[in-house]
Amino acid sequence: MKETLTRGLSGLLYIILLIGSLFNEHAFLILFFLFGIICLNELMKLIELKSIIPYIIFTALYFVFGYWQTLMNSTDGLDEATRILQVVTIFVQLFLIKDLFSEKTIPLFESKRFILTTFYHSSAFVFLILIGNYQNVFNPKIVLGAFILVWINDTFAYLVGKSIGKQKLFPRISPKKTVEGFLGGLLFACISSYFIAKFTNTLDFNNWLILSVIVSVIGTIGDLIESKFKRQANVKDSGTIMPGHGGLLDRFDSIIFAAPFIYLFLRILQYVS
């Protein structure tokens, strides 16, 4: 009972902080910067990287893209810089997906550790703030909608998997995940996309439906990749900052992997609309 209460309170605090930051652009940028630093610290422990360089790279990328218009006094060059970052980030993620399915362990030679901290972690937080500034206007409802999709997917994947799950999804990496749980999480995320579209007044239902599939599928892969890092590090959680939940990276693993793909979809919408 005490463990459940602790887990509930820490989860509630996390949600309150996240939602509260969405009402002010500067609060949003600062909170997600702090989240990013904590997640980076946890990731570096998992991959056994001891260096100050990833913190410098993350800070530079985050604030350059977050305050581009203020620093440059215009948005000139932002689109081109974002495209380059997006191509490299998705390319690195595709290699991680390849390693997930084809390698017993994800190779972690020194240069790859720096690549991971830059393009698996740091650029993902850049895309989260770019999603929050979709079409160069601060509108955090899309970010909130994406997080809600992650929470609903995770919750119902767990509930359905625990109730009727039989076929293992990826037993050598995450023995508790099941195919039934994955499909249950996907189904309820798709259903919730209707209500997100209705109450956020951002994108229409068809677009939120596509986003629900992106978040559920790509987010689950991101969860599995982080699980593989933890298995290689021989730890259960990425950290201890959230009692009952583990580390902050455990809560962000799905959304940071999905963020570049969410932003890619939003860019495509801009071109076709």
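Anything mentioned here points back to the structure above.
Residues numbered from 1 in each chain as written. Predicted model: local features only at pLDDT ≥ 70, side-chain atom pairs only at ≥ 80, totals over all residues. Heavy atoms only, no water.

Trainee: Could you give an account of a nonpolar patch on the surface, with specific residues and numbers?
Mentor: A grouping of Leu187, Phe188, Ile191, Tyr194, Phe195, Phe199 and Phe205 is seen on the molecular surface, where their side chains present a nonpolar patch of about 690 Å² in accessible area. For the nonpolar patch, the element with the most residues is helix 8 (residues 179-200), which contributes 6 residues. Here Phe199 lies in helix 8. You can call Phe199 exposed: its relative accessible area is 60%. (Patch = residues over 30% accessible without salt bridge, like charges linked within 9 Å, V, L, I, M, F, W, Y side chains within 5 Å. Areas by Shrake-Rupley, 256 points an atom, 1.4 Å probe, with all protein chains shown as cover. Salt bridge = Lys/Arg side-chain N within 4 Å of Asp/Glu carboxyl O. Helix = DSSP H or I, 4+ residues; strand = E, 2+ residues; numbered from the N terminus. Buried < 20%, exposed > 50% of the residue type's maximum accessible area, 1.4 Å probe, protein only.)

Trainee: Now, about the packing of helix 7 (residues 141-164) against helix 10 (residues 248-272): what can you tell me, with residues and values included?
Mentor: Packed helices, taken two at a time, are described by the angle their axes make and the gap between the axes. Two numbers describe how helix 7 lies on helix 10: the axes approach to 11 Å, and their chain directions differ by 130°. On the basis of the axis angle, helix 7 is oblique to helix 10. Considering how the two elements wind past one another, helix 7 and helix 10 form a crossing that is right-handed. Only Phe252, Ser254, Ile255, Ile262 and Leu266 of helix 10 make contact with helix 7, whose side of the interface consists of Ile142, Ala146, Phe147, Val150 and Asp154. For the contact of helix 7 with helix 10, a count of residues per class yields 8 nonpolar, 1 polar and 1 charged. (Axes fitted to C-alpha atoms, helices over the stretch in contact; angles between N-to-C directions. Parallel < 35°, antiparallel > 145°, perpendicular 65-115°, else oblique. Left-handed = near helix turned anticlockwise from the far one by under 90°. Contact = heavy atoms within 4.5 Å. Nonpolar A, V, L, I, M, F, W, Y, C, P; charged D, E, K, R; others polar.)

Trainee: Tell me what's going on with the side chain of Ser122, and back it up with residues and numbers.
Mentor: In this structure, Ser122 sits in helix 6 (residues 110-132). Looking at Ser122, the relative accessible area reads 0%, which means it is buried. A polar contact of 2.8 Å, which involves the side chain of Ser122, links it to the backbone oxygen of Thr117. In this structure, Ser122 is in contact with Pro54, Phe58, Leu61 and Thr117, ignoring residues within four places of it in sequence. (Polar contact = N/O pair within 3.5 Å; in protein donor to acceptor, adjacent residues only side chain to side chain.)

Trainee: Residues and numbers for the environment of Met44, please.
Mentor: Relative to the elements of secondary structure, Met44 occurs in helix 2 (residues 25-46). What makes Met44 buried here is its relative accessible area of 5%. Put simply, Met44 and Ser238 are 194 residues apart on the chain and 9.8 Å apart in space, counted from C-alpha to C-alpha. Dropping the residues within four chain positions of it, Met44 is found in contact with Leu49, Ser51, Pro54, Tyr55 and Thr117.

Trainee: So, the nonpolar core: which residues are in play, and what are the values?
Mentor: Counting residues in hydrophobic clusters, the biggest one holds 76 residues, and the most contacted among them are Phe32, Phe125, Ile225, Phe229, Phe252 and Ile262. For this core, the leading source of residues is helix 10, giving 14 residues. Non-local contacts of Phe125, meaning those with residues more than four positions away in its chain, are made with Phe32, Phe35, Gly36, Cys39, Phe58, Tyr62, Phe252 and Ile256. (Core = buried A, V, L, I, M, F, W, Y, C linked by side-chain atoms within 4.5 Å.)

Trainee: Which residues make up unusual backbone geometry, and what are the values?
Mentor: Non-glycine residue Glu48 carries a positive phi angle of around 55°. As for its placement among the helices and strands, Glu48 is situated in the loop between helix 2 and helix 3 (53-66).

Trainee: I'd like a rundown of the pairing of strand 2 (residues 174-178), residues and numbers included.
Mentor: Two elements, strand 1 (residues 168-170) and strand 2, share 2 bridges in a ladder whose sense is antiparallel. Paired with Phe170 across the strands is Ser174, a residue of strand 2. (Pairing = 2+ DSSP bridges.)

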